[in-house]
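Close look at the chain arrangement
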Amino acid sequence: MTPDCSIQIENATVSFGKRHALDGVSLEVQRGDFVGVIGPNGAGKTTLLTLLNGLARLESGRVAVLGLDPYNGSGRGVRKRVGYMPQTPRIDPRVPLNVREAVMAGLSGRLGLLRRPGRADLAAVDHALESVGAAHLSQRPLGKLSGGEYQKVALARVLAQRPEVFLFDEPTAAIDPRAQLDLLQLIQQVHAECGATSLYVTHNIRLQDGHAALPDCCGRLVMMRHGRIWRDGPRDELAAEPLLRELYDCCSESAPLYESQRQAGSF
Amino acid sequence: MDWLEHQFMQNAIAAGFFAGVACSVAGVFVVTMHLSFLGVCIAHAALAGALMGEWLHFSPVLGAMAFSVGAAAVVGPLADRGELGPDSAIGIVFSLMLGLGLLFLGLIPGSRTEALNLFWGSLLTVTRADVTLLAMTAAVLVSLVILFFKEIQAVLCHRQVAVAVGIPAAAIFYGMLTATGVTVAVSLRSVGGLLIFSLIISPAAAAFQLTYSLKRMFIISAALGVLACWAGLAASYLWDLRTGACIAIASSVMFALASAVSPKRRLLAGTREG
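Note that this is a predicted model, so its numbers are computed, not measured.

Calculation criteria
Every chain is numbered on its own, with residues counted from 1 as its sequence reads. Note on labels: chains are lettered from A, ligands numbered from 1, in written order. Confidence filtering applies because this is a predicted model: local features only for residues at pLDDT of at least 70, side-chain atom pairs given and counted only at 80 or more, and all residues used for totals across whole chains, interfaces and linings. Strands are runs of DSSP state E lasting at least two residues, helices are runs of H or I lasting at least four, and both sets are numbered from the N terminus onward. For the radius of gyration, the atoms used are the C-alpha atoms, and the globule rule reads 2.2 Å times the number of residues raised to 0.38. Three classes are used. A residue is buried when 20 or more other C-beta atoms lie within 10 Å of its own, exposed when 12 or fewer do, and partly exposed in between, with C-beta atoms placed from the backbone. Any two residues are considered in contact once their C-beta atoms, placed from the backbone, lie within 7 Å. Under the grouping applied here, Gly and all other residues not named as nonpolar or charged are polar, the nonpolar ones being Ala, Val, Leu, Ile, Met, Phe, Trp, Tyr, Cys and Pro and the charged ones Asp, Glu, Lys and Arg. A helix is expected to span 1.5 Å for every residue after the first. Summary of the metric used: pLDDT quantifies the predictor's per-residue confidence within the range 0 to 100. We call two strands paired when DSSP finds no fewer than two bridges between them. Only C-alpha atoms enter the line fits that serve as axes; for helices the fit covers just the stretch in contact. Angles between N-to-C directions range over 0 to 180 degrees.

**Let's talk about the overall build of chain A**
Of regular secondary structure, chain A possesses nine helices and nine strands. In terms of overall size, chain A behaves like a compact globule, its C-alpha atoms giving a radius of gyration of 19 Å where 267 residues would be expected to give roughly 18 Å. Taking all 267 residues of chain A together, the buried fraction comes to 45%. Put simply, 68% of the contacts in chain A that link residues at least 6 apart link residues at least 24 apart.

Below is the structure:
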C-alpha cells in the first residue's frame, strides 16, 4: 500500500448465507479522491462501505484502510478515523436525545472511554453544526427533525468526528429534491475543505429533477453489479447513457434512463 | 412519627430508596432500547435462580444473580445475531425461566414459606445486610452510568452510529444487560420476583414520557422509583397490604399520570395525523 493510498481492497468476498454480497472485489482509492459507487439495488454497494469500516463479515481477501486492517484487530481504530453516514434510519420520534448530543456522538469514539468532552470538543460540535447550517437546531430533539434536517445533522456528526475517510451511503435517498441539492452542495463543500477521501454510494445517477445525483467533485465512478465491480473509471467516460442502461438492465432505447429507473421502481 | 423509630421501618425506608434508584436506573436501559420485556424475562430468571437456591440450600441472592446475569448473557447475543428477533429470543428465555422456576418450586420440600416470600418480597423484613447490599448495588450502578454516560447515551439512542464511530457498543450493551440482571437479583428479596419488573419498567417508562433528555430521564426515573417504593411502603404499613403489590400499583399510577401530561403523546398523535 503506497502512502498516497487511503483504501486498498484485494479480492474481498463477503457472503450472507449462500449468497455472495461481494464476490472477489478489488479496489484502490488514493488519498483525497472522491469516488462515486453506483449500481442497482442488491449490487453490493452498502456492503462495500461496511467492508471498509470493518462491519462486514469478510470471508476471504484483504482490506486496508489508512494502512490499518479492520479485520485484524484494528476495527475500532479504523472506525474512529472513518466517518460513516448511513441511509436515513427510522428514528423513534420520542428518543431522549437532542441534535447537539447526537453530533457529539461523532466525537465519542475518538475521545475514548472515561474521557469527557472538553471545551475544544464542544466548540468542534458547534462548528460542525454551523458548517451544515444547522446551528439553530442544536437544542431540538432528534426525533422532531424533518428528513433533510436529519441528514444535515448526520453530516455534522460525521464532520465532528474529523475523519480521514468519508463513507456516504445514499444520503439523499429519502429526502425532497430541494434538500437533496442542498445536501449535495454541503458534501462537496465538506470534501473540498477536509481534503479527505470520500466514497459516495447511490443507486440513482440523477435526482428526480434531472440534476446529477453525485457532487461535481466526484471524478471517478465505480459501477457494481451482482456483488462485483463491473466498470471502474473516469466519471465523464462511464456516465454515458448506453453503459448506464446496461448497468441497470434497462432495455428500452426510447425512454431516457431516469424514466426507465422510475418505472423499474428504483426511485 | 413513632413508626419511624422502629429499626425494621428504617431498614425498609433505606431499602426502598436504594431499590428504587437501582431498579429505575436499570429500567432506563431496557425502556429506551424498547426491550421492556427483557426486564420481565430477567426478573423471572432471578426468581428461578433464587428458588433453586432455596431448593439446594444455598444463598437465593447468589442463585438469582447467576440466573439473571446468565439470562442477560444468553438473550443479548441471541437478539443481536439477528437470526431471531429480540422479542422471540427474550420470549424463549422467559418461558424457559418460568418453567425452571415452577420446577424448582415443586422440588422444594416442606412448607415453602421462604420460597413463596420470594414471589411477593417484603421491604418490611429486610435486614441491615440487605440494605447494605442494595446501597452498594445502587452506588455502583449510578457510578457506572456517570462514568460511561456518553457511551451509554450513544448505544441507547443510536446504536448503529455508536458502532460506526468506534464505540465498543456490544460491550456497553452487554454491560447494561448484566447490570440489569445484578440489580434485579439484589432487589428480589425486597420487592419480590413477580412485581420487580413493575419497578424496573414503570418509573423509567414514565420518565421517558416526560423528557427528551437522557440525563433528565435517569434523574426523573430514579426519583419516581424511590417515590413508588416509599408510597407502596406507606400504604403497606398503614393498611396491612402486600408491599410489593403496593409498589407495583404506585409505580403504575405514576406512569398513567405521566402519560396523561406527556408532551410526546401529542407528538405521536401529530405523527399519525400527519
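**Looking at the overall build of chain B**
A count of helical and extended segments in chain B gives 13 helices and zero strands. For 274 residues, the compact-globule estimate of 2.2 N^0.38 gives 19 Å, and the C-alpha radius of gyration of chain B, at 18 Å, lies within 12% of that figure. In chain B, 75% of the contacts between residues at least 6 apart in sequence involve partners at least 24 apart.

**Re unusual backbone geometry**
Residue and element names in this part refer to chain A. In this structure, Asn 11 takes a positive phi of about 50° despite not being glycine. A residue is classified by how many C-beta atoms lie within 10 Å of it, and Asn 11, with 11 of them, is exposed. With a phi angle near 65°, Leu 114 is a residue other than glycine that sits in the positive phi range. Topologically, Leu 114 is positioned in the loop between helix H3 (99-111) and helix H4 (119-131).

**A short note on the interface of chain B and chain A**
Counting from both sides, the interface comprises 28 residues of chain B and, opposite them, 25 residues of chain A. At the level of secondary structure, the elements contributing two or more residues to the side of chain B that touches chain A comprise helix H7 (149-157), helix H8 (159-164), helix H11 (214-239) and helix H13 (263-273) of chain B. The residue inventory of the side of chain B that touches chain A, partitioned by class, reads 17 nonpolar, eight polar and three charged.

**A few points about helix H5 (residues 147-160) of chain A**
Spacing of three or four residues puts side chains on the same side of an α-helix, whose turn is 3.6 residues. Here H5 of chain A is 14 residues long and its end C-alpha atoms lie 20 Å apart, about the 20 Å a rise of 1.5 Å per residue gives. With 11 of 14 residues buried, H5 of chain A is to be regarded as a mostly interior element. Turning to H5 of chain A, its buried residues number three or more, namely Tyr 150, Gln 151, Lys 152, Val 153, Ala 154, Leu 155, Ala 156, Arg 157, Val 158, Leu 159 and Ala 160 of chain A. On the buried face of H5 of chain A, the contacting elements are strand E5 (82-85), H3, H4, strand E6 (165-169) and helix H6 (177-194) of chain A together with H8 of chain B. Downstream of H5 of chain A by one or two residues, Arg 162 of chain A has phi in the positive range, about 50°.

**Section: the confidence of the model for chain A**
The share of residues in chain A with pLDDT of 70 or more is 90%, and the mean pLDDT across the chain is 86. Note on residues 259-267 of chain A: pLDDT under 50 across the span, and 12 contacts to partners over four residues away in sequence or across chains.

**A look at the sheet that holds strand E4 (residues 58-65) of chain A**
Residue and element names in this part refer to chain A. Spatially, three strands are ordered E2-E1-E4 in an open sheet, and the strand pairing comes out antiparallel. If you trace the sheet from one side to the other, it starts and ends with strand E2 (19-30) and E4, each paired once. Neighbour-to-neighbour, the strand axes of the sheet open up by a mean angle of 10°, direction not taken into account. By the bridge criterion, six bridges tie strand E1 (residues 5-16) to E4 in an arrangement that is antiparallel. Paired with Val 14 across the two strands is Leu 58, which belongs to E4.

**Let's talk about the pairing of E5 of chain A**
Residue and element names in this part refer to chain A. Of the two faces of E5, both are covered, the one formed by Val 82 and Tyr 84 as well as the one formed by Gly 83 and Met 85. The sheet contact formed by E5 and E6 spans four bridges and is parallel. Within E6, the residue paired with Met 85 across the bridge is Phe 168.

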